[in-house]
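# Commentary on secondary and tertiary structure
So you can see what is in the structure, the chains are spelled out below.
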Amino acid sequence: MPREPSWPGWLKEIEAWRMRPLKEAYFSVVIDACFLSLRRGSYKKEPIYIALGTDHEGRREILGFFLMGAEGESAHAWREIFSELKERGVERIDIVVTGDLPGIEEATRASFPGAGRKLCLRARHAQLPEEDKKEGLGGGISRPQGPLSCTEPKRSGAFPLLLRGALEETLS
């Protein structure tokens, strides 16, 4: 007879990981979504947002994952997510990289006033005129695919190229 999984213990481990203490400062936090089929009465694809932090030494870690639920994307929902990150120890984020998400800019300013905000490559690509999209994002960068595509592969140094450029823009 198959043994039943220990769901309460398993759920406790996930919750302990989700609520673990975080570092005080991150160079960047990238927020992007994966769409998964979730069952809430019926099956429906819903976004699960993933926050990926890069510290000042270039090490990346998943800070958390979040379901927006019935409220959907809003400044209030993003403020709650940022509030959770603060409760877990994050005091400073230099750059928040996201798509063009409703309410994210307002929530970033309210929660981390010193943080810069940059659009990910997918969002920047969407804003280009059609003729430029065919050419790529300058330098032959094509439209990114897949989850967490807000980061471009490393070319040199500790930080992804997009974040390196964002830092240069912020400091200039």
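Here, residues in each chain are numbered from 1, in the same order as that chain's written sequence. Local features in a predicted model are, by the rule used here, given only for residues with pLDDT of at least 70; side-chain atom pairs are given and counted only at 80 or more, and totals for whole chains, interfaces and linings are based on all residues. In computing side-chain values, all of the structure's heavy atoms are included and hydrogens and water are not.

### Describing the overall build of the chain
Applied cut-off: Secondary structure elements are defined from DSSP: runs of H or I of at least 4 residues count as helices, runs of E of at least 2 residues count as strands, and each element is numbered from the N terminus. Burial classes follow relative accessibility: with a 1.4 Å probe on protein chains only, a residue under 20% of its type's maximum area counts as buried, one over 50% as exposed, and anything between as partly exposed. Each accessible area value is a Shrake-Rupley result obtained with a 1.4 Å probe; residue values ignore everything except the protein chains displayed when judging cover.
Within the chain, the regular secondary structure consists of 6 helices and 5 strands. Reading the helices (α) and strands (β) of the chain from amino to carboxyl end gives α-β-β-β-α-β-α-β-α-α-α. Within the chain, the proportion of its 172 residues that are buried is 40%. Split by element, the accessible area of the chain, about 10,400 Å² in all, is 54% carbon and sulfur.

### Here's the deal with the packing of helix α2 (residues 75–87) against helix α3 (residues 104–111)
Filter applied, for reference: Note on geometry: axes are lines fitted to C-alpha atoms, helical ones only across the stretch in contact, with angles between N-to-C directions running from 0 to 180 degrees. Helix crossings are classified by the rotation of the near helix relative to the far one: an anticlockwise turn of less than a right angle makes the crossing left-handed, while a clockwise turn makes it right-handed. We call two residues in contact whenever any of their non-hydrogen atoms come within 4.5 Å of each other. Note on residue categories: nonpolar means Ala, Val, Leu, Ile, Met, Phe, Trp, Tyr, Cys or Pro, charged means Asp, Glu, Lys or Arg, and polar means any other residue, Gly included.
Put simply, α2 and α3 touch, their axes get as near as 8 Å, and they point 35° apart. Judged by the sense of rotation from one axis to the other, the crossing of α2 with α3 is right-handed. Each of Ala75, Trp78, Arg79, Phe82 and Lys86 in α2 lies in contact with α3, whose residues at this interface are Ile104, Glu106, Ala107, Thr108, Ala110 and Ser111. Among the residues forming the contact of α2 with α3, the class breakdown is 6 nonpolar, 2 polar and 3 charged.

### Some remarks on α3
Condition: The directions from the helix axis to the C-beta atoms are what the arc is built from.
Looking only at α3, the buried set comprises Ile104, Ala107, Thr108 and Ser111. Down the axis of α3, the buried side of the element spans an arc of 100°, and every buried residue falls inside it. Contact partners of the buried residues in α3: β1 (25–40), α2, β4 (92–98) and β5 (116–119).

### Observations regarding the packing of aromatic side chains
Defined as follows: The criterion for an aromatic pair is that two Phe, Tyr or Trp rings (for Trp, the six-membered ring) have centres within 6.5 Å, with stacked assigned to planes under 30 degrees apart, edge-to-face to planes over 60 apart and tilted to the rest. Two conditions define a charge sitting above a ring: the NZ of Lys or the CZ of Arg must be within 6 Å of the ring centre, and it must be within 35 degrees of the ring normal.
Per the stated rule, a full pass over the model turns up 3 aromatic pairs. An angle of 15° between the planes, with centres 5.9 Å apart, marks the rings of tryptophan 17 and phenylalanine 65 as stacked. One end of the pair, tryptophan 17, is in helix α1 (residues 7–18); the other, phenylalanine 65, is in strand β3 (residues 60–67), with 48 residues separating them in the sequence. Classification of tryptophan 17 by relative accessible area gives partly exposed; the value is 33%. Under the relative-accessibility criterion, phenylalanine 65 is labelled partly exposed at 33%. When the centroid spacing of 5.1 Å and the interplanar angle of 80° are considered together, the rings of tyrosine 49 and tryptophan 78 count as edge-to-face. Of this pair, tyrosine 49 sits in strand β2 (residues 42–54) while tryptophan 78 sits in helix α2, placing them 29 residues apart in sequence. When its relative accessible area of 4% is taken as the criterion, tyrosine 49 is described as buried. Over the aromatic face of phenylalanine 65 sits the side chain of arginine 18, whose NZ or CZ is 5.6 Å from the ring centroid.

### Focus on the nonpolar core
As a reminder of what qualifies: Among buried residues, the Ala, Val, Leu, Ile, Met, Phe, Trp, Tyr and Cys ones that are joined through side-chain atoms within 4.5 Å form a nonpolar core.
Formed by 23 residues in total, the largest nonpolar core has its most connected members in Ile31, Trp78 and Phe82. Phe27, Val30, Ile95 and Val97 belong to the second largest nonpolar core, which has 5 residues in total.

### Section: the pattern of salt bridges
Operational definition: Any Lys or Arg side-chain nitrogen found within 4 Å of a carboxyl oxygen on Asp or Glu counts as a salt bridge.
All told, the structure shown has 13 salt bridges when counted by the stated rule. For the salt bridge of arginine 18 with glutamate 15, the shortest nitrogen-to-oxygen distance reads 3.3 Å. Residue arginine 18 and its partner glutamate 15 are both found in helix α1; the two are separated by 3 residues, about one turn of the helix. For arginine 18, a relative accessible area of 17% translates into the label buried. Across the pair aspartate 94 and arginine 92 runs a salt bridge whose closest N-O atoms are separated by 2.9 Å. For arginine 92, a relative accessible area of 42% puts it in the partly exposed group. Overlapping salt bridges, with partners in common, bring together Arg20, Lys23, Asp55, Glu57, Arg59 and Glu61 in one network.

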